[in-house]
Amino acid sequence: MRFAYKAGAKHRKDREEQMSNFDGKSGFSYGRGVSRSTAADIDQGLRAYMLGVYNYMAIGLAVTGAVALGVYMLAVAKVGGGSLALTPFGQAIYTSPLRWVIMLSPLGFIFFMGSRMPHMSAASARNMFFAFSAVMGLSLSSVLLIFTGVSVARVFFITAAAFGGLSLYGYTTGRDLSAFGSFLVMGVWGLIIAGLVNLFLQSTGLQFALSILSVLIFAGLTAWDTQMIREMYFESDGYEIAQKKSVFGALTLYLDFINMFQSLLFLFGDRND
């Protein structure tokens, strides 16, 4: 189900149009709005805008990690011999039907945010993103039961390094990645369908193949999304609109990072005995 988190939002072209017209009155078209400013003004404003995107994303990842660790610590307890056992809280969230609610709740957040964010205030959008990050942390806490803490940390830093390089490429390249990105979105939907099928098949081989494809697809999406977010910047945007665009961009890159992390963890993570 991890692939559904990325594709739960509306198609990117619709989102670009929404984000470029948050106030409902803007006369700008996508890709315009900076022609009357000097290059220095544009660069300074763009740097501040992108820094806001990355800051929100980093805070969201920190919230996710803190919640995942906190939930894990409440869900397990040491028993005789140093082994671990689920607490009543852990049994409720990992073995009862409640686990399906926890698993699917991030997807519900994505659908809601994708449809409502253009109509939210900047503060509401920011709070919704952080709430989503916390819910994602609850959902991801189960990986600490499956994989060792050392391997989770190792894969996180591998993902961070790969993400940084790919995002930098998307930011600096002069090549238009839109056609490439549209193809990758189709790949995401293919991953979702195959992932749903594998819920019933429980095929390790298929899951391995899906993880490899997921890494490749979300690596490409990281570069494309960064370029898209960069092009959504308008020097004339007011504070409210710019902040909502920053939150939206942070959410997009956050999902790329999370999907890459989970796929790499399945491929390279060390499982608990």
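Structure: see above.
Quick caveat, the model's predicted, so the values are computed rather than measured. (Residues numbered from 1 in each chain as written. Predicted model: local features only at pLDDT ≥ 70, side-chain atom pairs only at ≥ 80, totals over all residues. Heavy atoms only, no water.)

K.L.:
Would you mind going over the overall build of the protein with me for this structure?
P.N.:
In terms of helices and strands, the protein carries 11 helices and 2 strands. When the 273 residues of the protein are sorted by exposure, 46% land in the buried category. Taking the intrachain contacts of the protein between residues at least 6 apart in sequence as the baseline, contacts between residues at least 24 apart amount to 82%. As displayed, the protein offers around 13,200 Å² of accessible surface, 66% of which is attributable to carbon and sulfur atoms. (Helix = DSSP H or I, 4+ residues; strand = E, 2+ residues; numbered from the N terminus. Buried < 20%, exposed > 50% of the residue type's maximum accessible area, 1.4 Å probe, protein only. Contact = heavy atoms within 4.5 Å. Areas by Shrake-Rupley, 256 points an atom, 1.4 Å probe, with all protein chains shown as cover.)

K.L.:
Can you walk me through the packing of aromatic side chains in this structure?
P.N.:
The way to describe two aromatic rings as a pair is by their centre distance and the angle between their planes. Evaluation of the coordinates by the stated rule reveals 10 aromatic pairs. A centroid spacing of 6.2 Å and a plane angle of 50° characterise the contact between Phe109 and Phe132, whose relative ring orientation is tilted. A residue pair is termed long-range when its members are at least 10 positions apart, and Phe109 in helix α5 (residues 98-116) and Phe132 in helix α6 (residues 122-140) qualify at 23 residues. For Phe132, a relative accessible area of 0% corresponds to the buried category. Both rings, one in Phe132 and one in Tyr254, keep their centres 5.8 Å apart while their planes meet at 70°; by these two values the pair is edge-to-face. Of this pair, Phe132 sits in helix α6 while Tyr254 is found in helix α11 (residues 239-268), placing the two residues 122 residues apart along the sequence. Just as Phe132 is buried, Tyr254 falls in that class too. Taken together through their ring pairs, the aromatic side chains of Tyr56, Phe109, Phe129, Phe130, Phe132 and Tyr254 make up a single cluster. (Phe/Tyr/Trp six-rings, centres within 6.5 Å; stacked < 30°, edge-to-face > 60°.)

K.L.:
When you look at helix α8 (residues 149-172) in this model, what are you seeing that I'm missing?
P.N.:
Counting along an α-helix, one turn takes 3.6 residues, and residues three or four places apart therefore face a common direction. In a regular helix each residue adds 1.5 Å, so 24 residues correspond to 34 Å; α8 covers 35 Å between its end C-alpha atoms and thus fits that length. For α8, the full list of buried residues reads Ser151, Val152, Val155, Thr159, Phe163, Ser167 and Gly170. (Expected span 1.5 Å × (residues − 1).)

K.L.:
Please explain the pattern of salt bridges as it appears in this structure.
P.N.:
When their charged atoms lie close together, side chains carrying opposite charge are able to pair. In total, this model carries 1 salt bridge according to the counting rule given. Notably, a salt bridge pairs Arg154 with Asp270, separated by 3.4 Å at the nearest N-O pair. Placement of Arg154 in helix α8 and of Asp270 in the segment after α11 is noted, with a sequence separation of 116 residues between them. Here Arg154 falls in the partly exposed class, since its relative accessible area comes to 36%. (Salt bridge = Lys/Arg side-chain N within 4 Å of Asp/Glu carboxyl O.)

K.L.:
Any chance you could explain unusual backbone geometry here in plain terms?
P.N.:
Glycine aside, negative phi is the norm for most residues, and most peptide bonds take the trans geometry. At Gln202, a residue that is not glycine, the phi angle is positive and equals roughly 55°. Position of Gln202 relative to the elements: it lies in the loop between α9 (178-201) and α10 (204-231).

K.L.:
Looking at this model, I keep getting lost on the nonpolar core. Mind explaining?
P.N.:
One recurring pattern in soluble globular proteins: nonpolar side chains tend to sit buried together. Counting 57 residues, the largest nonpolar core has Tyr49, Met57, Phe129, Phe132, Leu221, Leu251 and Tyr254 as the members making the most contacts within it. Among the secondary structure elements, those contributing two or more residues to this core are α3 (39-75), α5, α6, α7 (143-146), α8, α9, α10 and α11. Contact partners of Tyr49, with chain neighbours within four places excluded, come to Ile229, Met232, Tyr233, Ala242, Lys245 and Ser246. Among the nonpolar cores identified, the runner-up in size contains 5 residues, and Ala75, Ile93, Tyr94 and Ile102 belong to it. (Core = buried A, V, L, I, M, F, W, Y, C linked by side-chain atoms within 4.5 Å.)

K.L.:
Help me out: how do you make sense of α5 in this one?
P.N.:
In this model, α5 (19 residues) spans 26 Å end to end at C-alpha, consistent with the 27 Å of a helix rising 1.5 Å per residue. Leu104 marks the point of greatest bend in α5, at about 35°, and the proline Pro106 comes within the next four residues. Within the sequence span of α5, burial applies to Ile102, Pro106, Leu107, Ile110, Met113 and Gly114. (Bend = angle between axes of the 7 residues up to and from the residue.)

K.L.:
It is not clear to me how the packing of α6 against α11 should be interpreted in this structure. Could you clarify?
P.N.:
How two helices sit against one another is set out by the angle between their axes and by the gap between those axes. Following both chains from N to C, one finds α6 and α11 inclined at 15°, their axes separated by 8 Å at the closest point. By the angle class used here, α6 and α11 are roughly parallel. In this structure, α6 crosses over α11, and the sense of that crossing is left-handed. Taken together, the residues of α11 that come into contact with α6 (itself represented by Ala122, Ala125, Arg126, Phe129, Phe132, Ser133, Met136 and Leu140) are Glu240, Gln243, Lys244, Val247, Ala250, Leu251, Tyr254, Leu255, Ile258 and Gln262. Split by residue class, the contact of α6 with α11 holds 12 nonpolar, 3 polar and 3 charged. (Axes fitted to C-alpha atoms, helices over the stretch in contact; angles between N-to-C directions. Parallel < 35°, antiparallel > 145°, perpendicular 65-115°, else oblique. Left-handed = near helix turned anticlockwise from the far one by under 90°. Nonpolar A, V, L, I, M, F, W, Y, C, P; charged D, E, K, R; others polar.)

K.L.:
What exactly am I supposed to notice about a nonpolar patch on the surface here?
P.N.:
There is a patch of nonpolar side chains on the surface, built from Phe208, Ile212, Leu213 and Leu216 and spanning about 370 Å² of accessible area. Structurally, the position occupied by Leu216 is in helix α10. (Patch = residues over 30% accessible without salt bridge, like charges linked within 9 Å, V, L, I, M, F, W, Y side chains within 5 Å.)

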